[in-house]
Amino acid sequence: MTPFDELERGDIIWATDPLSEKGRPVLVIGTPHFQSHGVQLITALISTKGYHESALALSDDDYEGEPLGEQSHVLPWSLVTLNSAVDVDHYLTSLVADRTEDVVRQVVAYISA
């Protein structure tokens, strides 16, 4: 297991899901360190449902490691900040840097609209 404070932009982890009790994969898009709070992980939720035109489909070529088991989509409008290691169950894989940057640009465009 990758320690919480060693997770990086582009890592995909299984984490606490604010929408259900079972957890879900999330993409780490930021890892700011705050003097009084330590590391926080800014993440975008990942879903197997691509029901929204702004959902970003992931292909096998988008992964640096092994792809997730099912066709997955990053939801750029669903951001969650994780504050401690108890929010993270385990590391799954990573996206390549270019695809991670595509996701971050979409997040910024989505929240700037």
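Parameters and conventions
- Residues numbered from 1 in each chain as written.
- Predicted model: local features only at pLDDT ≥ 70, side-chain atom pairs only at ≥ 80, totals over all residues.
- Heavy atoms only, no water.
- Helix = DSSP H or I, 4+ residues; strand = E, 2+ residues; numbered from the N terminus.
- Buried < 20%, exposed > 50% of the residue type's maximum accessible area, 1.4 Å probe, protein only.
- Contact = heavy atoms within 4.5 Å.
- Lys, Arg positive; Asp, Glu negative; His and termini not counted.
- Charge placed at Lys NZ, Arg CZ, Asp CG, Glu CD.
- Pairing = 2+ DSSP bridges.
- Axes fitted to C-alpha atoms, helices over the stretch in contact; angles between N-to-C directions.
- Salt bridge = Lys/Arg side-chain N within 4 Å of Asp/Glu carboxyl O.

Naming follows an unreviewed UniProt entry, where the protein chain appears as PemK-like protein of Halosegnis longus.

K.L.:
I'd like a description of the overall build of the protein chain, backed by residues and values.
P.N.:
A tally of regular secondary structure across the protein chain gives one helix and eight strands. Based on the C-alpha atoms only, the size of the protein chain along its principal axes is roughly 40 × 30 × 30 Å. In the protein chain, which comprises 113 residues, the proportion classed as buried is 44%. Long-range contacts, defined as pairs at least 24 residues apart, comprise 62% of the intrachain contacts of the protein chain with a sequence gap of at least 6. Averaging the locations of the 6 positively and 18 negatively charged side chains of the protein chain gives two centres separated by 8 Å.

K.L.:
So, the pairing of strand β7 (residues 72–82): which residues are in play, and what are the values?
P.N.:
Of all eleven residues making up β7, eight are buried, and the element is well covered by its neighbours. Two strands pair when backbone bridges link them, and strand β5 (residues 41–47) and β7 are joined in this way by six bridges, in the antiparallel orientation. By the bridge assignment for β7, Leu41 is matched with Leu82. Pairing of strand β6 (residues 56–58) with β7 involves three bridges; the strand directions are antiparallel. Along β7, the bridge assignment pairs Leu58 with Ser72.

K.L.:
Describe the sheet that holds β6, listing the residues and the values that go with them.
P.N.:
With respect to topology, six strands assemble into an open sheet ordered β6-β7-β5-β2-β1-β8, the strand pairing being antiparallel. Edge positions in the sheet fall to β6 and β8 (88–94), since each has one partner strand and no second. For this sheet, the mean inter-axis angle between neighbouring strands, taken without regard to orientation, is 45 degrees. The strands touched by helix α1 (residues 97–112) are β2 (24–30), β6 and β7; relative to β7, the strand with the most contacts, the crossing angle is about 70 degrees.

K.L.:
Outline the pattern of salt bridges, supporting the account with residue identities and numerical values.
P.N.:
For the coordinates displayed, the defined rule picks out five salt bridges. With a closest N to O distance of 2.9 Å, Glu101 and Arg9 form a salt bridge. With a gap of 92 residues between them, Glu101 in helix α1 and Arg9 in the segment before β1 (11–15) connect regions that are remote in the sequence. Residue Glu101 is classed as partly exposed on the basis of its relative accessible area, which comes to 30%. The partly exposed category is assigned to Arg9, whose relative accessible area is 41%. Among the charged side chains, a network of salt bridges with common partners joins Asp62, Arg99, Asp102 and Arg105.

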